[in-house]
Amino acid sequence: MKSLQETYKIGVIGLGYVGLPLAVEFAKQYKVFGYDINPKRIKDLISGFDQTMEVGKPELEEVITLECTTLKGLYCTNELEKLRNCSIYIVTVPTPVDKNNRPDLSPLIKASRLVGSILKKNDIVIYESTVYPGVTEDECVPVLEQASNLHFNIDFFAGYSPERINPGDKTHTVAKIRKITSGSNAKTAEIVDQLYRSVISAGTFKADSIKVAEAAKVIENAQRDINIAFVNELAMIFNKLGIDTHKVLEAAGTKWNFLNFSPGLVGGHCIGVDPYYLAQKAQEVGYHPEVILAGRRINDGMGAYVADQFIKKMTQKGTSLINAEVLVLGFTFKENCPDVRNTRVIDIIRRLEEYKVKVHIHDPWANPEQVKHEYGIHCENGESKKRTYDGILLAVAHQEFKKMDLAHLLKPNAVLYDLKACLPDNIVNARL
């Protein structure tokens, strides 16, 4: 009887924050074909460079192979035909929202169409992208059927195993996070579970159905979003009462079952997006989700709130706002991570610009070209250390900022606003 490694060749569609770490993990035991539409991304990976910084050069070089015929290893390509001999396809493309916060399934549909064009009898397509319940079977499978001229659950099969990647986290890596698995029938579910169990040291949990697995993933992020919204609302209340929110949370946290959440911005490609997927599906079936959308409204408004509080502190110091020089420290959506997708720091910057202050941005983790392309603003980095400011707002808790000597960048009576509560009390004027 053939082993799993001998039986399956795996194709991973999308080599971003989710797809690449997964492909690398599988490539340690299986032959993996990593597909991405970006030729530069493929070239970088072949040379051992991961722009997302999720996989280090030594680990990448250990699995990268330039040959299609090796028994294991990761072969990266932007030529879909190279994946035709795979029997397992894992789709890891983004699932964003549009400008009206409605789910945008177009990357998922395009990826399904691509896979469908090379799909064969008995192949399995596994989706990892976060979606609302029903997307795999109701939206993606019909595309696979149409593109392949094959019949679902007769000629080919589907699975769903939601990604649980935490960008920038070098402790909770893909193999160390328990994985939910599921399949379109009992046999497929067992194959999918065995496949992931062979590389995930933390183990797996086989869900009852694909829809259950989809729902489990989307509520993980909705739950976190709601909890952060709660402490953000507390921060606004305590600010009016003149109480330090972080000291309140520290005191409350001494109880064993108090949940440890901190106030702040909620961005990125997961927590700030996924609740809208669940809300959309709820509304389609006639239910208006109140708690989920209330949490989203609070969190979506935090950037403007922080900017307003920062400006209020500056005016209290007697600073003239017209042409005042302000430095924002950090632009990525979270600390020690280069990802700028859906960063809510942009909300702070846009609000500050409404006050006619001159905003400078310093972020050693962000790619200035990407920031310029995505948001149309200039990330100065080195230049920003050559002047003094009327106010500094620390928006992202990168490790570099905790070591910076900020005092010499501040003008007399300047405001230092510490959104992340990571700087010493004696140098900070205000916090969220």
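Residues numbered from 1 in each chain as written. Predicted model: local features only at pLDDT ≥ 70, side-chain atom pairs only at ≥ 80, totals over all residues. Heavy atoms only, no water.

A. Up close: the sheet that holds strand β10 (residues 358-362). Read from one edge to the other, the open sheet built from five strands follows the order β10-β9-β11-β12-β13, with strand pairing classed as parallel. In the strand order of this sheet, the two ends are held by β10 and β13 (430-431), each with one partner. As paired elements, strand β9 (residues 325-329) and strand β11 (residues 389-394) share four bridges and run parallel to each other. The partner of L327 across the bridge, within β11, is I392. (Pairing = 2+ DSSP bridges. Helix = DSSP H or I, 4+ residues; strand = E, 2+ residues; numbered from the N terminus.)

B. Representation of the nonpolar core within the structure. With 40 residues, the main nonpolar core has V91 and L108 as its most contacted residues. Broken down by element, the residue count for this core peaks at five residues, all from helix α6 (residues 135-148). No fewer than three residues from each of domain 1 (4-208) and domain 2 (241-431) sit in this core. When sequence neighbours within four positions are dropped, the list of residues in contact with L108 reads V91, V93, T95, Y127, S129, V131, V135 and C140. (Core = buried A, V, L, I, M, F, W, Y, C linked by side-chain atoms within 4.5 Å. Buried < 20%, exposed > 50% of the residue type's maximum accessible area, 1.4 Å probe, protein only. Domains from an automatic or database assignment. Contact = heavy atoms within 4.5 Å.)

C. How the structure looks around the environment of Y375. Position of Y375 relative to the elements: it lies in helix α14 (residues 368-375). On the basis of relative accessible area, Y375 is assigned to the buried category, the value being 17%. With 32 residues separating them along the chain, Y375 and T343 place their C-alpha atoms 10.0 Å apart. Contacts of Y375, omitting those with residues within four sequence positions, involve F331, V340, R341, N342, T343, I346 and R350. Of note is the side chain of Y375, whose polar atom sits 3.2 Å from the backbone nitrogen of N342. (Polar contact = N/O pair within 3.5 Å; in protein donor to acceptor, adjacent residues only side chain to side chain.)

D. The domain arrangement of the protein, seen in detail. Once the domains are mapped, the protein shows domain 1 (4-208) and domain 2 (241-431). Just the C-alpha atoms count here: the centres of domain 1 and domain 2 sit 33 Å apart. Every contact between the two is made by 21 residues of domain 1 and, on the other side, 21 residues of domain 2. Summed over both sides, the interface of domain 1 with domain 2 buries roughly 1600 Å², with 61% coming from carbon and sulfur. (Buried area = accessible area lost by both parts, 1.4 Å probe.)

E. Quick look at unusual backbone geometry. Non-glycine residue N153 carries a positive phi angle of around 65 degrees. The residue N153 is located in the loop between α6 and β6 (157-160) in this model. You can call N153 partly exposed: its relative accessible area is 30%. For N342, which is not glycine, the phi dihedral falls at a positive 50 degrees. Relative to the helices and strands, N342 is located in the loop between β9 and α13 (345-354).

F. Examining the pairing of strand β2 (residues 31-35) more closely. Buried residues dominate β2, accounting for five of its five residues. A two-sided burial pattern is seen for β2, the buried positions comprising K31, F33 and Y35 on one face and V32 and G34 on the other. Where strand β1 (residues 9-13) meets β2, five bridges bridge the pair, whose relative direction is parallel. Pairing of G11 across the sheet is with F33, part of β2. For the crossover from β1 across helix α2 (residues 19-27) to β2, the handedness is right-handed. Judged from the five bridges that link them, β2 and strand β3 (residues 73-77) form a sheet pairing that is parallel. From the neighbouring strand, K31 faces β3, where its bridge partner is G73. (Right-handed = clockwise from strand over helix to strand, strands pointing away.)

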